[in-house]
Amino acid sequence: MKEPNKISAGDITDPAVYFNRRTFIRTGIAAASAVATGLVYRRLNPVATGTVDTPLIQGLVTPAAVAAADATGFRVAETETSLRDITHYNNFYEFSTDKEGVASAAARFETNGWQVSVEGLVSKPRVFDLDDLLKISPPEERIYRMRCVEGWSMVVPWAGFSLSKLLDRVEPLGDAKFVAFETLLDPRRMPGQRSDVLKWPYVEGLRMDEAMHPLTLLASGLYGRALPPQDGAPLRLVIPWKYGFKGIKSIVKIKLEATQPRTTWSECAPNEYGFYANVNPQVDHPRWSQATEQRIGESGRRPTLMFNGYAAQVASLYNGMDLRANF
Ligand SMILES: Nc1nc2c(c(=O)[nH]1)N[C@H]1C(S)=C(S)[C@@H](COP(=O)(O)O)O[C@H]1N2
Ligand SMILES: [Mo]
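Calculation criteria
- Residues numbered from 1 in each chain as written.
- Chains lettered and ligands numbered in written order.
- Predicted model: local features only at pLDDT ≥ 70, side-chain atom pairs only at ≥ 80, totals over all residues.
- Heavy atoms only, no water.
- Helix = DSSP H or I, 4+ residues; strand = E, 2+ residues; numbered from the N terminus.
- Contact = heavy atoms within 4.5 Å.
- Near = heavy atom within 4 Å.
- Polar contact = N/O pair within 3.5 Å; in protein donor to acceptor, adjacent residues only side chain to side chain.
- Areas by Shrake-Rupley, 256 points an atom, 1.4 Å probe, with all protein chains shown as cover.
- Nonpolar A, V, L, I, M, F, W, Y, C, P; charged D, E, K, R; others polar.
- Salt bridge = Lys/Arg side-chain N within 4 Å of Asp/Glu carboxyl O.
- Buried < 20%, exposed > 50% of the residue type's maximum accessible area, 1.4 Å probe, protein only.

**Quick notes on the environment of aspartate 231**
Here comes step 1: For aspartate 231, the position within the fold is in the loop between β8 (225-226) and β9 (236-238).
Here comes step 2: Sequence separation between aspartate 231 and glycine 221 is ten residues, and the spatial gap between their C-alpha atoms is 8.9 Å.
Here comes step 3: For aspartate 231, the residues in contact, after removing those within four places along its chain, are Ile86, Thr87, Asn90, Leu222, Arg236 and Lys249.

**Some words on the site of ligand 1**
Here comes step 1: Tyr93, Glu94, Asp231, Gly247 and Lys249 are the nearest of the 18 residues found near ligand 1.
Here comes step 2: Residue glutamate 94 places a side-chain N or O atom 2.7 Å away from a nitrogen atom belonging to ligand 1.
Here comes step 3: A distance of 2.7 Å separates an oxygen atom of ligand 1 from a polar side-chain atom of lysine 249.
Here comes step 4: A total of 530 Å² of accessible area belongs to ligand 1 in isolation, and the protein chains cover 99% of it.
Here comes step 5: Its residues placed into classes, the shell around ligand 1 shows nine nonpolar, five polar and four charged.

**Some points on the pattern of salt bridges**
Here comes step 1: As enumerated under the stated definition, the model contains 22 salt bridges in all.
Here comes step 2: The salt bridge involving aspartate 209 is made with arginine 207; its shortest N-O contact spans 2.8 Å.
Here comes step 3: The buried category is assigned to arginine 207, whose relative accessible area is 14%.
Here comes step 4: Close ionic contact of glutamate 293 with arginine 295 constitutes a salt bridge, the shortest N to O distance being 3.7 Å. With respect to class, glutamate 293 is no different from arginine 295; both count as buried.
Here comes step 5: Salt bridges sharing common partners tie together Glu78, Arg145, Arg147, Glu293, Arg295, Glu298 and Arg302.

**What about the side chain of serine 250?**
Here comes step 1: Here serine 250 shows up in the loop between β9 and β10 (251-257).
Here comes step 2: Of the polar contacts made by the side chain of serine 250, one reaches the backbone oxygen of alanine 233; its length is 2.6 Å.
Here comes step 3: Ignoring any residue separated from it by four or fewer positions in sequence, one finds serine 250 in contact with Phe92, Phe109, Trp114, Glu182, Thr183, Leu184, Met190, Gly232, Ala233, Leu235 and Arg236.

The structure is reproduced here in structure tokens:
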């Protein structure tokens, strides 16, 4: 995305260029067959390349949970993007603005002792040690589409639980209407913060009903392992019906507020990136169409779906709203 005055045409076509350069062979085709066999498939034909050595997540997904989740749209029946692509094609400006350079720039990111403060308009504000926060609920595997505002997309098997479970724990007050999120600010550990490409720390926000929606995921892992640094270790947000930039990484603060919080990208370029950022093929970015997308790992483009394919679950949140004005 970059600042308007720093973008070049090449930034938008990055993904295609990247594919043409790839050298490794994809093993993911067979996965297309299935929702139900997804987990088995990964065990037999691991797509892991040895580049992610974060701990395995224990106790992930029971058959009953899978059945329940399939019924509510938590697991899309589409080929999962390879672990290699998910971990080597990243947007994380705290480390690098070069998508293929984030993994190495973030490789030694230290998350020991991580804490998350949950505060603001709640009865029980609390600073959670990460381990305590993760104990709030067993992790679920959620297979979500992810659509970046730049025009590329992936399918990611996340691990985590609904943000609502954390918010319930701190007991939101009646006047809490929005939730604000903040990434760690530490230029020593996040060298990209020494540049002024964005205003730091990265901040994001949701309306309370969006934050409480069961699809809104507090993710601590992907492909059955703890999040690698480049994907937002140790804890990031995933809102599958919104553009990827809403999915703030490496969260240290969650604050319930009465008024709409500021957000990094809407402040950087208010005419290009809105607060809502719902995926919408009918509302183009001022500099490119949003009608289609490049699914990483595929050739050609596919049509972008309203609310990224989650309209049945979330369209009612926006009844009566002008989605062109509130983009
Ligand atoms: N703190 C922070 N969060 C961030 C970003 C970032 O630069 N900094 N990039 C966003 C964008 S634009 C996208 S598309 C997704 C990318 O997530 P991924 O690298 O895990 O695919 O993270 C989002 N969260
Ligand atoms: Mo993005």
